[in-house]
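A structural walkthrough
Here is what each chain is made of, one letter per residue.
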Amino acid sequence: MNDQAASFSDLPAGVADKHPLLWLNPHYDAREDARHMAYDQRQAEARFARCAGLLQAVFPELQATAGQLISPLVPIPKLRDALQVTRAAGHWMLKRDDALPVAGSIKARGGFHEVLSLVERIGLEAGLLTESTDRRVLAEPAARAVLGRHTLAVGSTGNLGLGIGMIGAGLGLQAVVHMSADAKEWKKQRLRDRGIQVVEHQGDYAAAVAAGRAIADADPMVHFVDDEHSEALFLGYAAAARELVDQLQAAGRVVDAKHPLFVYLPCGVGGAPGGVLYGLKRLLGAHVHGFFVEPTASPCMLVQLACGLQRPVSVYDIGLDNRTEADGLAVGLASPLVAPLMQSLLSGIFTVDETQFYADAWRLEDTEGIYVEPSAATGLHGPGQVLDTPQGQVYLQRHGLELLLHDATHVIWSTGGSLVPESIREGFRQRGRQAAGMA
Ligand SMILES: *Cc1c(COP(=O)(O)O)cnc(C)c1O
């Protein structure tokens, strides 16, 4: 009990009262070499490459890119002006995972990677494949009959379930999606329309995950996609790092000791933002500065990292309710796989309230014509947090960045939105317009 009290004292003031803030990670170590850490995203890059033909054969949405899963990186100068950040130097870009095919969110990266690794394994075990066989064989009727005897199970606040359901169904597997109480009705409906089984739970994300895990444990033909522990999901996200580095280079954005890169990533359980940052740290080291963003009601990664890694600490433990309209981020407890990896790699975490992210989502659409879902708009507040706040100044000074800002690149990771139905978008827009008048 004493131990508990001691670690809670390391929480920043205001976090338990839902005050938006920027927390600087005291354990961040710019010299940490992530290349010595356990996971290597090149396995995932190789898997995506050898399965591109299969994906192209199965998903019409992936025709245009020959089976490659990529999202655009676009400049957002008008949004930068509209956000009125005083020291808005540098080049601002949006990484548009809201536009990722099939899943409509960043979950496509982890989800495709995990399901591809599963179907390859099933194919190898069933004698359909050897290591060197063209993966397109898995799209043929004989292989689909084998895959169709397997079931994917997943617990989700919405987008992971949506992604895994669509990807699994495309490759011919059965899928059962356990949805938490936060999950939006349209996401459930979209899955049901595709013949995918949806199980609704009254509890939060962790409860939905636990239910899915229990059912899968009892049946060897069920594969559980474990968002809290999965290395395959993590590696799929980490593979995005190479894509970003190539796109920055193509856009003429240099990243080196004189040209820092700031990346702002929305965080739920931590797999997606953690994977991306991990991958970037392995490629760019100290030149990349990674910040996560969480809703003020659900700052699970902040709470876990600030209290130390000795034991799990959730947002409920500090009296927060984990209720947010940013459904993709409504997670009470951070991933025990990812939190330790972030301890030395993550620069900091900022929190945003509902008014902020609704307003920012509206400003993005108003200025740049880009619609994203509420969870995905949370990162838009990032550059202002680093450039314009006292805590941000501390960070810039500490790392010698103040004189380099003119040559910096800020990448805001937009994580979802393209599948949101027009009727739902209209509701978000109205809220955003109103919030922009207040924020
Ligand atoms: C899942 C999700 C995230 C965060 O990913 P985690 O792996 O849960 O941290 C961010 N934005 C959107 C839209 C998501 O669906």
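Owing to the predicted nature of the structure, the values given are computational and were not obtained by experimental measurement.

Now for the site of the ligand. Near the ligand, the surroundings consist of 15 residues, among which Lys107, Asn159, Gly268, Gly270 and Thr415 are the closest. Backbone polar atom of Gly268 to an oxygen atom of the ligand: 2.7 Å apart, as the coordinates give it. Counting atoms within 2 Å of the grid points, the majority share of the ligand lands in the largest cavity. Ranked by residues supplied to the shell around the ligand, first place goes to helix α12 (residues 271-284) with 3 residues.

You can read the domains of the protein chain as domain 1 (2-103 + 234-436) and domain 2 (107-233). For domain 1 versus domain 2, the separation of C-alpha centres amounts to 25 Å. At the interface, 43 residues of domain 1 touch 37 residues of domain 2. Here domain 1 packs against domain 2, burying approximately 3600 Å² in sum over the two surfaces, 64% of which is carbon and sulfur. Of all residues in domain 1, the largest losses of buried area upon contact with domain 2 belong to Leu54, Tyr237 and Asp327, amounting jointly to 17% of the total for that side. Here domain 1 is connected to domain 2 by 23 residue pairs in polar contact (both at pLDDT 80 or more). Listing elements by their share of the side of domain 1 that touches domain 2, those giving two or more residues are α2 (42-50), α3 (52-58), α10 (231-238) and α11 (240-250). Sort the elements by how many residues they give to the side of domain 1 that touches domain 2 and α3 lands first, with 5 residues.

So, on to the sheet that holds strand β11 (residues 409-414). Spatially, β1-β10-β9-β8-β11-β3-β2 is the arrangement adopted by the 7 strands of the open sheet, whose pairing is mixed. Only two strands of the sheet have a single neighbouring strand rather than two, namely β1 (22-24) and β2 (73-75). The mean inter-strand angle of the sheet, taken between neighbouring strand axes irrespective of direction, is 25°. Here strand β8 (residues 261-266) pairs with β11 via 4 bridges, running parallel. Bridging from a neighbouring strand, Phe262 pairs with His410 of β11. Along the sheet, helix α18 (residues 390-398) makes contact with β1, β8 and β9 (288-295), crossing β1 at roughly 30°.

If you walk across this open sheet you meet the 4 strands as β6-β5-β4-β7, and the pairing is parallel. Across the chains shown, the open sheet's two edge strands, defined by having one partner strand only, are β6 (197-200) and β7 (222-225). Each neighbouring strand pair of the sheet contributes to a mean axis angle of 20°, computed without reference to strand direction. Sitting on the sheet, helix α5 (residues 107-125) is in contact with β4 (151-156) and β7, with an inclination near 155° to β7. The strands that helix α9 (residues 205-217) touches are β4, β5 (174-179) and β7; relative to β4, the one it contacts most, it runs at about 160°.

This next bit is on the packing of aromatic side chains. For the structure on display, the rule yields 10 aromatic pairs. Where Tyr39 meets Tyr278, the ring centres are 6.4 Å apart and the plane angle is 65°; that geometry is what we call edge-to-face. Residue Tyr39 is found in the loop between β1 and α2, and its partner Tyr278 is found in helix α12; the two are separated by 239 residues along the sequence. A relative accessible area of 15% places Tyr39 in the buried class. Of the residues examined, Tyr278 reaches a relative accessible area of 0% and is grouped as buried. Each member of the aromatic cluster is reached from another via a ring pair, and the members are Tyr28, Tyr264, Phe291, Phe350 and Tyr395.

If you trace the backbone, Ala339 turns up in helix α14 (residues 338-342). Measuring from C-alpha to C-alpha, the distance between Ala339 and Ile215 comes to 26 Å, with 124 residues separating the pair along the chain. Once residues within four sequence positions are removed from consideration, Ala339 is found in contact with Met301, Gln304, Leu305 and Leu309.

Here we take up the layout of surface pockets. In this approach a probe as big as a water molecule rolls over the atoms, and the regions it shows empty are the leftover space. One number sums up the size of the largest pocket: a volume of about 320 Å³. Along its surface, the largest pocket is lined by 15 residues, and Phe48, Gln68, Leu69, Ile70 and Glu243 are the ones closest to its centre. Counting residues per element, the lining of the largest pocket draws most heavily on α11, at 4 residues. Taken together, the residues of the lining of the largest pocket sort by class into 7 nonpolar, 3 polar and 5 charged.

Cut-off values and rules
Residues numbered from 1 in each chain as written. Predicted model: local features only at pLDDT ≥ 70, side-chain atom pairs only at ≥ 80, totals over all residues. Heavy atoms only, no water. Near = heavy atom within 4 Å. Polar contact = N/O pair within 3.5 Å; in protein donor to acceptor, adjacent residues only side chain to side chain. 1 Å grid on protein atoms, 1.4 Å probe; cavity = no way out; pocket = protein on both sides within 12 Å on 5 of 7 lines; lining within 4 Å. Sits in = over half its atoms within 2 Å of the grid points. Helix = DSSP H or I, 4+ residues; strand = E, 2+ residues; numbered from the N terminus. Domains from an automatic or database assignment. Contact = heavy atoms within 4.5 Å. Buried area = accessible area lost by both parts, 1.4 Å probe. Pairing = 2+ DSSP bridges. Axes fitted to C-alpha atoms, helices over the stretch in contact; angles between N-to-C directions. Phe/Tyr/Trp six-rings, centres within 6.5 Å; stacked < 30°, edge-to-face > 60°. Buried < 20%, exposed > 50% of the residue type's maximum accessible area, 1.4 Å probe, protein only. Points joined across faces, edges and corners; volume = space filled by probe spheres on them. Nonpolar A, V, L, I, M, F, W, Y, C, P; charged D, E, K, R; others polar.

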